[in-house]
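# A structural walkthrough
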Amino acid sequence: MRQTCNPTFSTCKRVPRSLVENAGNFGQSAAMKYSNGFALLLTTLLFAGCSKSSSPAMPPAASVDNNLPTQAQTKLPTIRIYLGAEVLDTEMALTFQQIRTGMMFRTNIQDADSMLFDLRMPQRAAFWMKNCPESISAAYISPDGVIQEIHHLEKNDTNSVVAATDNIRFVLETSDGWFTRHNVSTGAVIRTEKGSLSETFLGR
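Just so you know, these numbers come straight off a predicted model, no measurement behind them.

To continue, consider the overall build of the protein chain. Helix and strand content of the protein chain: five helices and eleven strands. When each of the 204 residues of the protein chain is scored for burial, the buried share is 54%. Across the protein chain, the fraction of contacts at a sequence separation of at least 24, relative to all contacts at a separation of at least 6, is 77%. As displayed, the protein chain has an accessible area near 8,300 Å², and 50% of this comes from carbon and sulfur atoms.

Given below as structure tokens:
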């Protein structure tokens, strides 16, 4: 997103499900924590402004900062997604490093810019905005492609915005206010040129 930003540890705060984009004043994404084979690896990261965060045992802040990305990643491969009448050619953050970096350090984010994170399995997503110089919006999406929550992620906010449920597999980061400007709200279903999100990313 901030790329939205990258995964890193930050202070987490639980966000009520009723809070959506126009509520404002929420931090961007923080490092994502995966389970199974990825659990140990991801507990060392927090998604920043553009990344996810959530970890029961967080390492010392110094060690986390030493592992954070130090520059923006190049543009990632894209996929066309459909949100009702709206169409976006969105970058795909699929690998650990891509998700960890997200939109960190990116500036001049345009209305058409976006990044879709595949977290590989349902979880209680948490994103923060460390190293994200521009605010963004983020949709927390269930495995079936339905937008469950929409949040404003404030630039450089190191407080994580934690999902209201543990059924979030995808996160879509956009320019700040995109969902409001394009009349896309919770309950909207996101599809790709290949079908549903679950069909598109099945077996990853």
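Still more ground to cover, so stick around.
Once that is clear, we can look at the pairing of strand S2 (residues 78–83). Along S2, the buried face is formed by Ile79, Ile81 and Leu83; none of Thr78, Arg80 and Tyr82, which line the opposite face, is buried. The loop that links S2 with its antiparallel partner strand S3 (residues 86–93) comprises two residues; one of these, Gly84, has a positive phi angle of about 65°.

Moving on, we come to the confidence of the model for the protein chain. Low-pLDDT portions of the prediction should not be read for the details of their coordinates. On average, residues of the protein chain score 78 in pLDDT, and 67% of them reach the 70 mark or higher. pLDDT under 50 marks residues 1–49. Its contacts with residues more than four places away, or in other chains, come to 300 contacts. Ignoring residues within four places in sequence, the model shows residues 54–63, a span with pLDDT below 50, making 17 contacts including any to other chains.

Glancing now at the pattern of salt bridges. Evaluation of the coordinates by the stated rule reveals four salt bridges. Here Arg181 makes a salt bridge to Asp111, at a shortest N to O gap of 2.7 Å. Of this pair, Arg181 sits in helix H4 (residues 178–181) while Asp111 is found in the loop between helix H3 (96–101) and strand S4 (114–123), placing the two residues 70 residues apart along the sequence. The class for Arg181 is partly exposed, based on a relative accessible area of 44%. Asp111 gets classed as partly exposed once you look at its relative accessible area, which sits at 33%.

Relative to the assigned elements, Glu149 resides in strand S7 (residues 147–153). In the structure, Glu149 is positioned ten residues away from Ala139 in sequence and 5.7 Å away in space, judged by C-alpha atoms. Not counting the four nearest positions on each side in its chain, Glu149 is found in contact with Ala138, Ala139, Tyr140, Val162, Ala163, Ala164, Thr165 and Thr186. A polar atom in the side chain of Glu149 sits 2.8 Å from the backbone nitrogen of Ala164.

What counts and what doesn't
Residues numbered from 1 in each chain as written. Predicted model: local features only at pLDDT ≥ 70, side-chain atom pairs only at ≥ 80, totals over all residues. Heavy atoms only, no water. Helix = DSSP H or I, 4+ residues; strand = E, 2+ residues; numbered from the N terminus. Buried < 20%, exposed > 50% of the residue type's maximum accessible area, 1.4 Å probe, protein only. Contact = heavy atoms within 4.5 Å. Areas by Shrake-Rupley, 256 points an atom, 1.4 Å probe, with all protein chains shown as cover. Pairing = 2+ DSSP bridges. pLDDT = per-residue confidence, 0-100. Salt bridge = Lys/Arg side-chain N within 4 Å of Asp/Glu carboxyl O. Polar contact = N/O pair within 3.5 Å; in protein donor to acceptor, adjacent residues only side chain to side chain.

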